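In case you want the letters, here they are:
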Amino acid sequence: MMEDCLSKKIEISVSEAEKRTGRNAMNMQETYTAYLIETRAVESQTEGQCSPPDSLWRRYSEFELLRNYLLVNYPHIVVPPLPEKRAEFVWHKLSADNMDPDFVERRRIGLENFLIRVASHPIICQDKIFYSFLTQEGGWKEMVNETGFQLKADSRLKALNATFRVKSPDKRFTDLKHYSDELQSVISHLLRVRARVADRLYGVYKVHGNYGRVFSEWSAIEKEMGDGLQSAGHHMDVYAASIDDILEEEEHYADQLKEYLFYAEALRAVCRKHELMQYDLEMAAQDLTSKKQQCEELATGTVRTFSLKGMTSKLFGQETPEQREGKIKVLEEQIHEGEEQLKSKNTEGREFVESAWADIERFKEQKNRDLKEALINYAVMQISMCKKGIQVWTNAKECFSKM
Amino acid sequence: MEAESWVPGPPLSGSPPGGEGAAAAAQPGAPEELTFDDDEEDLEVFSKDISLTEANSFSPLMPTSPSSMINQYKFEDEPELRDLFIIVDDPESHITAIETFITYRVVTKTSRGEFDSSEYEVRRRYQDFLWLKSRLEEAHPTLIIPPLPEKFIMKGIVERFSDEFIETRRKALHKFLNRIAEHPTLTFNEDFKIFLTAQAWELSSHKKQGPGLFSRMGQTVRAVASSVRGVKNRPDMFTDINDYMETFTQKINLLDKISQRIYKEEKGYYYELKEYGPIHTLWCASEEELVDSLKGIASCIDKCCKATEKRMAGLSENLLPVLHEYVLYSEILMGVLKRRDQIQAELDSKVDALSNKKAEKDQLTEEIGNLEDKVECANNALKADWDRWKQNMQHDMKTAFLNVAENNMDYYEQCLATWESFLTSQTVDLHLEEDSEDRP
């Protein structure tokens, strides 16, 4: 199955980001960032020749459009999330500004990751709109809108209603919903505290930089201690400077966690779709049952339940046998239709559950792999930081011993 | 009884201090300037009593750790020369109708002949230490009398008698007495002996006899006035010392502030880590496959948190008290220099008077003779003490900063070991998984 994936055929990268100015829908000037998407056929690489890649520019809102399209057309798929719209879990040095170069850089990487995820998914990688997104510069937006996917989208209200009223959703989806809530909650908490930890760590390192300055000034009045102080001060500067790279790397780790934070929402979307379908099914079944009941009452003349029609007919006279038969006939047709619909809804529902669950299993494996790797990477980063620390302080110690 | 870790006693014949003219080298790419707001005046010194051991204490109540013993033998040159050992411990609160105050136990052990006994135990309060210091200053105006801990902490102190405050003060008082004990001149001072040996009522009556605190104040006021006028005939050596001390004062204050700030940041880091680790354990609850990895990370973070705690303790026990002591020392030195100037000013004014008044020539000449002796004594005393102080300072700074470097190395080595063992466990798992996948 993986051989079919687009990612095996073409290499995708988001290689550049550029600031642009233009006019928006209300003819007001705006500044935005455009990202360069490059694609290159994999085969051309293996031949030893590097043909120039095809490329086009897209902005974040177009990525959003693509994702919304995929969400509507593949409701049974856990659609990969986009990198965050606005910087969150920011610690003091990190800018919350969307135009900040570090933010733009991390977003570039996030967008590339998104495209590769989609291209690696056995089902959605085959989507034509996705392919055009990668390859067709002009007119793509119009093409997407022409598919009319916005009309197909389920209304939020309808979905909310279904969530509260559905009686027997598949237990696996209920559990999945709880899981995604927990995942979101724990990752948010983790990211928040991590940001605070980063802030403090930054403080510890940077304050040491002041030693560098003061040692240097002090060394000027010291005969014996001067050299030791001066060189120790230099190492304090190195120590203070080292935290910038360390924390930048850690920011990438945070981004990896954030991706799964947003994946939680994608999981919930699949659950919502199931609830909607299940609720629809339950309503249809309920409707069918009541129609059958009505039919039976008309046929046997027994009124089991109170109905306004029954009362009015009692008050204003019975119907004629022909009228009654007519009603029965209409009902029987409706019942027949209803049974057909119910059957197809049942089939749809089962198919949805099957395909959704298959994708969820795929997702779970991916998540376990990715998170485990991220955690290992975190340990690697800590090790690197410790080694740098040992180095600097060993050097500083030597300088102090010469004081 | 273990010997204390102190600097070598006798002063060496000194080389002229300070004044190396070279301007400070320009700092390329100066690190981010620290903004010290008013809060940084806060001299709250935290002293987390995390380790039972203290390198400076040899009280039978507190066991000495092997590392503190190593410290002693690293820096102690001739332990056998010490014949006076002092401990300050056991703070106790006393409540009377008028006031509440703390007394400290002062235990002295000595082999000196001039002491009637070889062991003494007395209780002293902060006021008594103040009295001792002022007596020493009067008796030796141009000697460098060690600093006492401050009366109050400047900003933000809520509880004058918090445990931390008392402990910090106790350590400083202990150091104060030991510094005096080591000083070649001050150690034989009579008031010092009385301080160490007299019972409470004996001390009170002895105190009443002396001139008291006011004369000292008068002395310093005159001293300040005279140095404002400027001393014409100040020898270059003392001008050099003065210049050195001005810069030193600036730098030591900055170092003190920087170090306090580092402690604060490390403390904040410690508290955040404490919350950070357990979140990973919480996450385990919903992730079957990741339990090992998450638990491993939680445990690593927890261990690093403990290592941070240890690093902080190192700061608060070693570097911070040393820097603070030298901040106080810098004030003391400026005072000593002024007093020397004042003694010289007395001589100078008499010499001027001599050239004007012909009448009382003989009397003035005699007075001048005495004052010349006085000036010479004062200068020599100060010079010798300055050399000694400078040597001690270098040694103390070197020791303190070496200690900081070692603490940091230990900290990072501990953390490294933790993370490396976690990584090993994870990659072993991975290899096992890969192997099991290969098998048919």
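Residues numbered from 1 in each chain as written. Chains lettered and ligands numbered in written order. Predicted model: local features only at pLDDT ≥ 70, side-chain atom pairs only at ≥ 80, totals over all residues. Heavy atoms only, no water.

- By the naming in an unreviewed UniProt entry, chain B is Sorting nexin 7, taken from Pelusios castaneus.
- Per UniProt, chain B has the following entry under Sequence similarities (unreviewed entry): "Belongs to the sorting nexin family." (UniProt positions renumbered as here; feature names shortened; annotations may be inferred.)

- In the annotation of an unreviewed UniProt entry, the entry for chain A reads Sorting nexin 4, and the organism field reads Pelusios castaneus.
- The record held by UniProt for chain A lists under Sequence similarities (unreviewed entry) the comment "Belongs to the sorting nexin family."

1. Describing the overall build of chain A
Right, on to step 1. Assigned secondary structure in chain A consists of 12 helices and three strands.
Right, on to step 2. On C-alpha atoms alone, chain A measures out to a radius of gyration of 32 Å, which is more than a quarter above the 22 Å that the 2.2 N^0.38 rule sets for 403 residues.
Right, on to step 3. Judged by the C-alpha coordinates and their principal axes, chain A covers about 120 × 50 × 45 Å.
Right, on to step 4. The contacts in chain A between residues at least 6 apart in sequence include a share of 75% that link residues at least 24 apart.
Right, on to step 5. In the structure as shown, chain A presents an accessible area of about 20,700 Å², 52% of it carried by carbon and sulfur atoms.
Right, on to step 6. Here chain A holds 57 positive side-chain charges and 66 negative ones, and the gap between their average locations is 4 Å. (Helix = DSSP H or I, 4+ residues; strand = E, 2+ residues; numbered from the N terminus. Rg over C-alpha atoms; globule rule 2.2 N^0.38 Å. Contact = heavy atoms within 4.5 Å. Areas by Shrake-Rupley, 256 points an atom, 1.4 Å probe, with all protein chains shown as cover. Lys, Arg positive; Asp, Glu negative; His and termini not counted. Charge placed at Lys NZ, Arg CZ, Asp CG, Glu CD.)

2. Describing the packing of aromatic side chains
Right, on to step 1. Going through the model one piece at a time under the given rule, you end up with 35 aromatic pairs over all chains.
Right, on to step 2. With a centroid separation of 5.4 Å and an interplanar angle of 20°, the aromatic rings of Trp386 of chain B and Trp389 of chain B are classed as stacked. With Trp386 of chain B and Trp389 of chain B both in helix 9 (residues 361-438) and three residues apart, this pair spans about one turn of that helix.
Right, on to step 3. By way of ring pairs, the aromatic residues Tyr211, Phe215, Trp218 and Phe400 of chain A together with Tyr244, Phe248, Tyr326, Tyr329, Trp386, Trp389 and Phe401 of chain B are connected into one cluster.
Right, on to step 4. For the cation-ring pair, Arg107 of chain A lies above Tyr60 of chain A, with the distance from its terminal atom to the ring centre recorded as 3.9 Å. (Phe/Tyr/Trp six-rings, centres within 6.5 Å; stacked < 30°, edge-to-face > 60°. Lys NZ or Arg CZ within 6 Å of the ring centre and 35° of its normal.)

3. Structural notes on the pattern of salt bridges
Right, on to step 1. Overall, the coordinates contain 59 salt bridges over all chains when judged by the stated rule.
Right, on to step 2. The salt bridge involving Lys367 of chain A is made with Glu287 of chain B; its shortest N-O contact spans 2.4 Å. Here Lys367 of chain A is found in helix 12 (residues 321-401), whereas its partner Glu287 of chain B is found in the loop between helix 7 (236-284) and helix 8 (291-356) on a different chain.
Right, on to step 3. Here Lys383 of chain B ties to Asp387 of chain B by a salt bridge, and the two come within 2.7 Å at their closest N and O atoms. Residue Lys383 of chain B and its partner Asp387 of chain B are located together in helix 9, separated by four residues, close to a single helical turn.
Right, on to step 4. Within this structure, Glu84, Arg106, Asp255 and Lys258 of chain A form a network of salt bridges that share partners. (Salt bridge = Lys/Arg side-chain N within 4 Å of Asp/Glu carboxyl O.)

4. Some thoughts on the sheet that holds strand 1 (residues 10-23) of chain A
Within a sheet, each strand pairs with its neighbour through backbone hydrogen bonds, oriented either parallel or antiparallel.
Residues and elements named next belong to chain A.
Right, on to step 1. Overall, antiparallel pairing links the three strands, which are arranged 1-2-3 in an open sheet. The sheet terminates laterally at strand 1 and strand 3 (54-59), the two strands that pair on one side only. Each strand axis lies, on average, 25° off the axis of its neighbour in the sheet, ignoring direction.
Right, on to step 2. With six bridges joining them, strand 2 (residues 29-41) and strand 3 adopt antiparallel strand pairing. In the sheet register, Ile37 faces strand 3, and the bridge partner there is Leu56.
Right, on to step 3. Where helix 5 (residues 128-135) meets the sheet, its contacts fall on strand 1, strand 2 and strand 3, and the angle it forms with strand 3 comes to roughly 100°. (Pairing = 2+ DSSP bridges. Axes fitted to C-alpha atoms, helices over the stretch in contact; angles between N-to-C directions.)

5. A look at the interface of chain A and chain B
Right, on to step 1. In this assembly, 62 residues from chain A lie in contact with 68 residues from chain B.
Right, on to step 2. Summed over both sides, the interface of chain A with chain B buries roughly 6,400 Å², with 71% coming from carbon and sulfur.
Right, on to step 3. Connecting chain A to chain B are eight salt bridges.
Right, on to step 4. Of the charged contacts, one joins Lys390 of chain B and Glu222 of chain A as a salt bridge, the two residues approaching to 3.8 Å between their closest N and O atoms.
Right, on to step 5. At the surface where chain A touches chain B, the tally comes to 13 residue pairs in polar contact (both at pLDDT 80 or more).
Right, on to step 6. Put simply, the parts of the chain that give the side of chain A that touches chain B at least two residues each are helix 9 (171-219), helix 10 (226-300) and helix 12 of chain A.
Right, on to step 7. If one sorts the elements of the side of chain A that touches chain B by residue count, helix 9 of chain A sits on top with 29 residues.
Right, on to step 8. Split by residue class, the side of chain A that touches chain B holds 35 nonpolar, 13 polar and 14 charged. (Buried area = accessible area lost by both parts, 1.4 Å probe. Polar contact = N/O pair within 3.5 Å; in protein donor to acceptor, adjacent residues only side chain to side chain. Nonpolar A, V, L, I, M, F, W, Y, C, P; charged D, E, K, R; others polar.)

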